[in-house]
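Here's the letter readout for the chains.
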Amino acid sequence: MTDGQTSLGMPQLPAPDYPAEVRARLEADAKEIIARYPGSRSALLPMLHLVQAEDGYVTRTGMRFCADLLGLTTAEVTAVATFYTMYRRKPSGDYQVGVCTNTLCAVMGGDAIFEELKAHLGVGNAETTADGKVTLEHIECNAACDFAPVVMVNWEFFDNQTPESAKKIVDDLRAGRPVEPTRGAPLCTYKETARILAGFPDEREGAVEATGGAGPASLVGLRLAKGETSHHKIGHPRGEAAGGEGE
Amino acid sequence: MTLAPELSNSSPEKLLAPVLSAFWDQPHSWTLETYRRHDGYEGLRKALAMSPDDLIAYVKDSGLRGRGGAGFPTGMKWQFIPQGDGKPHYLVVNADESEPGTCKDIPLLFANPHSLIEGIVIACYAIRSNHAFIYLRGEVVPVLRRLHEAVREAYEAGYLGKDILGTGLDLELTVHAGAGAYICGEETALLDSLEGRRGQPRLRPPFPAVAGLYACPTVVNNVESIASVPAILNRGKDWFKSMGSEKSPGFTLYSLSGHVTSPGQYEAPLGITLRQLLDMSGGMRAGHRLKFWTPGGSSTPMFTDEHLDVPLDYEGVGAAGSMLGTKALQCFDETTCVVRAVTRWTEFYAHESCGKCTPCREGTYWLVQLLRDIEAGKGTMSDLDKLNDIADNINGKSFCALGDGAASPIFSSLKYFREEYEQHITGRGCPFDPAKSTAWADNHKEVTA
């Protein structure tokens, strides 16, 4: 769309292959992925993550690569790549900011956060800021409802968000300031995240232990059971705004 | 709500029973070292001393039921695997936790991934499997990191790989990240996805126990189910059965969320009530009352404040007209518009419908159109019957349980809150202010009070 070309609905020519050295490098990774499975086709989902780690989205070249290595047609690969929401179909930003707007987070403030971010960044859903830094999306329930409202950046948890805290995150990301999640490792780029998803462990020092153990909400039941605190003092796990309430 | 007086029989020490979560507050809780300090891999030693058949019988006798929502007896699932058939057997752990409201497996794996790995080794020994898979939803990279590390540690320590603990048992464990599709939590769709296909459910029979992954006998179990097995082996089935009820024995994770004072994980014997959980944890947020809640995620019919004393076990919730599901207790107070909540859930189901069967694909689409109109004040009274009718055409007539799940919030909200739908129609719009429902809505008030 942005290149000004109009699609005439004609079949496209086959995608070009990767340059030889890129292909050699990706082939080595792909073979490692394929070796994890009794049936080679099982490697397709991780290999599509691998393609995103290379290109930032699922390119036609990337799909051709998957098809070649797994003995599939590009149509079969495309059918899979378009089924799953984590595979991007166009170039996007270094940081994917996903605001949960499923019912519980939406009600708890996710809708307000998403509206504020759209206005603040001047982009709509699944659009990228002009500097190429931030792609804004609304996402579905991310299994952190006890930390609602939740924002995910490159699939790291930012718990108990407010419109103000979310705006600060995107401002920091765009300014190149370091941003750390509530639960998860210091942010890496979307491409680096995709490589972890392809099954290659995060090699960064301290990435596994970053932000420590279970989040505060995960521990409230345990603390009560141990008699460590009465409910008067559980306070509010929801960040600074309500933190003083129980003290 | 008000603060309760002194602790009585609602004392959390009595009512809660942290097992899986017992040491989540310890430093480096996710490491092998910490796990070992808390009886980690002791259950495995006891399991390996039994014959596989005795082990299956033991887990069956414990009464452990699947924690992924359906409550099917775990030991029975294992027993269905044909033995001596000459085919490879597989264990696939369903870690695709995506049901709206459900948030138990992800914190469990973040805080203590080894309990799952130990359970996997035990289960694979029982069903004679040499290759297991953890299908983790992709959108939780912090958890993926810790699973990668825990699996590495387990291989290094000899709990995975060749000749585990000198018993001759070989086991490979592959961590597989999904790519964003709720339907892959359905076990046969998960298997198709794990085979590198679009995640669409399969026709059953054949069941996965006969023809699952690569058409081989396969057990698909939820994370919490498998992670509960080591403690049962280590502390005994009688200990396990001393908790909960005869038909729903044991402990489980309840996830409290929404307009409550203390959202979070509460591990307790099956059968605790929402009233007990709220009483011990400070109740609903100050100045508000419970309006509706889900016992086990958005796919389980909603409850109201009439159901505060329903025992949260499989039978109790079933008898009250819903399902225990994933024990995702999403609590909404009186500021919340039911129509808005149901519309959003329905949009979710329409987005996640895989498209394989017509009732679900078309039905969820049309439900969304009707609900959006009603929420925007453009509905008519006949739309309410139409909603019910479409939901009825999805429920029980779709290919898999996603369709049934989509119908649940429609039926139950119309049952308990039909008047509120009517208000949207007669009043030509939504009578609620969404700003009052937010987590920060009352902050300003509290400061100035």
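Residues numbered from 1 in each chain as written. Chains lettered and ligands numbered in written order. Predicted model: local features only at pLDDT ≥ 70, side-chain atom pairs only at ≥ 80, totals over all residues. Heavy atoms only, no water.

Within an unreviewed UniProt entry, the label attached to chain B reads NADH-quinone oxidoreductase subunit F, and the organism entered is Streptomyces lateritius. Listed in UniProt under the heading Catalytic activity (unreviewed entry), the comment for chain B reads: "a quinone + NADH + 5 H(+)(in) = a quinol + NAD(+) + 4 H(+)(out)". Regarding chain B, the relevant UniProt record gives this comment under Sequence similarities (unreviewed entry): "Belongs to the complex I 51 kDa subunit family." (UniProt positions renumbered as here; feature names shortened; annotations may be inferred.)

Caption draft 1: Region of the structure containing the overall build of chain B. When its secondary structure is counted, chain B shows 18 helices and nine strands. Relative to the compact-globule value of 22 Å for 449 residues, chain B shows a C-alpha radius of gyration of 23 Å, a close match. For chain B, the spread of C-alpha atoms along the three principal axes comes to 70 × 55 × 40 Å. When burial is assessed residue by residue, chain B has 64% of its 449 residues classed as buried. Summarising the internal contacts of chain B: among those between residues at least 6 apart in sequence, 71% fall at separations of at least 24. If you sum the accessible surface of chain B, you get close to 15,500 Å²; carbon and sulfur atoms cover 52% of it. Positive and negative side-chain charges of chain B, numbering 43 and 54 respectively, have mean locations separated by a distance of 3 Å. (Helix = DSSP H or I, 4+ residues; strand = E, 2+ residues; numbered from the N terminus. Rg over C-alpha atoms; globule rule 2.2 N^0.38 Å. Buried < 20%, exposed > 50% of the residue type's maximum accessible area, 1.4 Å probe, protein only. Contact = heavy atoms within 4.5 Å. Areas by Shrake-Rupley, 256 points an atom, 1.4 Å probe, with all protein chains shown as cover. Lys, Arg positive; Asp, Glu negative; His and termini not counted. Charge placed at Lys NZ, Arg CZ, Asp CG, Glu CD.)

Caption draft 2: Structural view of the nonpolar core. Of all hydrophobic cores here, the largest spans 171 residues; its most connected members are Leu48(A), Tyr84(A), Trp78(B), Leu91(B), Ile120(B) and Leu387(B). Considering each element in turn, this core owes the most residues, 10 residues, to helix 7 (residues 113–127) of chain B. In contact with Leu387(B), not counting residues within four places along its chain, are Leu367(B), Leu370(B), Leu371(B), Ile374(B), Ile410(B), Leu414(B) and Tyr421(B). The next biggest cluster of nonpolar side chains, apart from the first, holds 28 residues, and it includes Leu256(B), Ile272(B), Leu274(B) and Leu277(B). (Core = buried A, V, L, I, M, F, W, Y, C linked by side-chain atoms within 4.5 Å.)

Caption draft 3: View of the sheet that holds strand 2 (residues 131–136) of chain B. Residues and elements named next belong to chain B. Spatial strand order, 3-2-1-4: four strands in an open sheet with parallel pairing. The open sheet has two edge strands, strand 3 (172–177) and strand 4 (218–222), and neither has a second partner. For this sheet, the mean angle separating the axes of adjacent strands, direction not counted, is 20°. Relative to strand 3, strand 2 runs parallel, the two being bridged by six bridges. Counterpart to Ile134 in the pairing with strand 3 is Val175. (Pairing = 2+ DSSP bridges. Axes fitted to C-alpha atoms, helices over the stretch in contact; angles between N-to-C directions.)

Caption draft 4: Geometry of unusual backbone geometry. Residue and element names in this part refer to chain B. A cis amide bond, omega -5°, links Arg204 with the succeeding residue Pro205. Mapped onto the elements of the fold, Pro205 is located in the loop between helix 9 (187–194) and strand 4. For the peptide bond that leads from Pro205 to Pro206, omega is 5°, which places it in the cis range. Tracing the chain through its elements places Pro206 in the loop between helix 9 and strand 4.

Caption draft 5: Representation of helix 7 (residues 190–197) of chain A within the structure. Of all the residues in helix 7 of chain A, the buried ones are Tyr190(A), Thr193(A), Ala194(A), Ile196(A) and Leu197(A). Down the axis, helix 7 of chain A shows its buried residues gathered within 155° of arc, on one side only. Buried residues belonging to helix 7 of chain A abut helix 2 (44–55) and strand 1 (95–100) of chain A together with helix 8 (141–156) and strand 3 of chain B. (Arc of directions from axis to C-beta.)

Caption draft 6: Examining the pairing of strand 7 (residues 290–294) of chain B more closely. Residues and elements named next belong to chain B. Within strand 7, five of the five residues are buried, leaving the element largely enclosed by the surrounding structure. Alignment of strand 7 against strand 9 (residues 328–333), held across four bridges, turns out to be antiparallel. Counted as the bridge partner of Phe292 is Phe332 from strand 9.

Caption draft 7: Local environment of the pattern of salt bridges. Residue and element names in this part refer to chain B. Enumeration according to the criterion identifies 46 salt bridges over all chains in this entry. Notably, a salt bridge pairs Glu187 with Lys77, separated by 3.5 Å at the nearest N-O pair. With Glu187 in helix 9 and Lys77 in helix 5 (residues 74–79), this residue pair connects regions lying 110 residues apart in the sequence. Of the charged contacts, one joins Arg137 and Glu139 as a salt bridge, the two residues approaching to 3.0 Å between their closest N and O atoms. Judged on exposure class, the residue Arg137 and its partner Glu139 are both buried. (Salt bridge = Lys/Arg side-chain N within 4 Å of Asp/Glu carboxyl O.)

Caption draft 8: Geometry of the sheet that holds strand 8 (residues 303–304) of chain B. All names here are of chain B. On the basis of which strands lie adjacent, the open sheet formed by five strands has the order 6-5-9-7-8 and mixed pairing. Looking at the sheet topology across the chains shown, the edges are occupied by strand 6 (264–269) and strand 8. Relative to strand 6, strand 5 (residues 251–258) runs antiparallel, the two sharing six bridges. Paired with Tyr254 across the strands is Tyr266, a residue of strand 6.

Caption draft 9: The arrangement of the interface of chain A and chain B in detail. Taken together, the contact between chain A and chain B spans 85 residues of the former and 89 residues of the latter. A combined buried area of about 6,700 Å² lies between chain A and chain B, and 62% of that area is made up of carbon and sulfur atoms. Remark: the boundary between chain A and chain B carries five salt bridges. Arg340(B) serves as the salt-bridge partner of Asp111(A), at 3.0 Å between the closest nitrogen and oxygen. Where chain A packs against chain B, one counts 33 residue pairs in polar contact (both at pLDDT 80 or more). Within the residue set of the side of chain A that touches chain B, elements represented by two or more residues are helix 2, helix 4 (74–81), helix 5 (103–121), strand 5 (156–158), helix 7, helix 8 (220–225) and helix 9 (231–234) of chain A. (Buried area = accessible area lost by both parts, 1.4 Å probe. Polar contact = N/O pair within 3.5 Å; in protein donor to acceptor, adjacent residues only side chain to side chain.)

Caption draft 10: Broad picture of the pairing of strand 4 of chain B. All names here are of chain B. The element strand 4 is extensively covered by neighbouring structure, given that five of its five residues are classed as buried. Here strand 4 shows two buried faces, one formed by Thr218, Val220 and Asn222 and the other by Val219 and Asn221. Here strand 1 (residues 90–95) pairs with strand 4 via five bridges, running parallel. For Tyr90, the partnering residue across the bridge sits in strand 4 and is Thr218.

Caption draft 11: Examining helix 16 (residues 381–394) of chain B more closely. Residue and element names in this part refer to chain B. In this model helix 16 runs 21 Å from its N-terminal to its C-terminal C-alpha over 14 residues, within 8% of the 20 Å that 1.5 Å per residue would give. Inspection of helix 16 places Asp383, Leu384, Leu387, Ile390, Ala391 and Ile394 among the buried residues, and these make up the whole buried set. Considered in projection along helix 16, the buried side chains sweep an arc of 130° and stay on one side of the axis. Looking at the buried residues of helix 16, the elements they touch are helix 15 (358–375) and helix 17 (401–426). (Expected span 1.5 Å × (residues − 1).)

Caption draft 12: Representation of the packing of helix 5 of chain A against helix 14 (residues 338–352) of chain B in the model. Interaxial distance between helix 5 of chain A and helix 14 of chain B falls to 9 Å at its minimum, and their mutual angle equals 115°. The interaxial crossing formed by helix 5 of chain A with helix 14 of chain B has right-handed handedness. Contacts from Thr103(A), Ala106(A), Val107(A) and Asp111(A) of helix 5 of chain A reach helix 14 of chain B at Arg340(B), Ala341(B), Arg344(B) and Trp345(B). Across the contact of helix 5 of chain A with helix 14 of chain B, the residue classes tally to four nonpolar, one polar and three charged. (Left-handed = near helix turned anticlockwise from the far one by under 90°. Nonpolar A, V, L, I, M, F, W, Y, C, P; charged D, E, K, R; others polar.)

Caption draft 13: Expanded view of the environment of Gly258(B). Mapped onto the fold, Gly258(B) is located in strand 5. For the pair Gly258(B) and Thr438(B), spaced 180 residues apart in sequence, the C-alpha separation works out to 9.6 Å.

Caption draft 14: Layout of the side chain of Asn142(A). Topologically, Asn142(A) is positioned in the loop between strand 3 (134–139) and strand 4 (151–153). A distance of 3.0 Å separates a polar side-chain atom of Asn142(A) from the backbone oxygen of Glu139(B). Among residues more than four places away in sequence, those in contact with Asn142(A) are Met152(A), Trp155(A), Phe157(A), Arg137(B), Glu139(B) and Val140(B).

Caption draft 15: How the structure looks around the packing of aromatic side chains. Taken as a whole and assessed by the stated rule, the structure comprises 20 aromatic pairs over all chains. Taking 3.7 Å as the distance between ring centres and 5° as the angle between the ring planes, the aromatic pair formed by Tyr41(B) and Tyr159(B) counts as stacked. One end of the pair, Tyr41(B), is in the loop between helix 2 (32–37) and helix 3 (42–48); the other, Tyr159(B), is in the loop between helix 8 and strand 3, with 118 residues separating them in the sequence. Overall, Tyr159(B) belongs to the buried group, its relative accessible area being 3%. Among the aromatic residues, those joined into a cluster by ring pairs are Tyr37(A), Tyr90(B), Phe133(B) and Tyr214(B). It is Arg183(A) that lies over the ring of Phe147(A); its NZ or CZ is 3.8 Å from the centre. (Phe/Tyr/Trp six-rings, centres within 6.5 Å; stacked < 30°, edge-to-face > 60°. Lys NZ or Arg CZ within 6 Å of the ring centre and 35° of its normal.)

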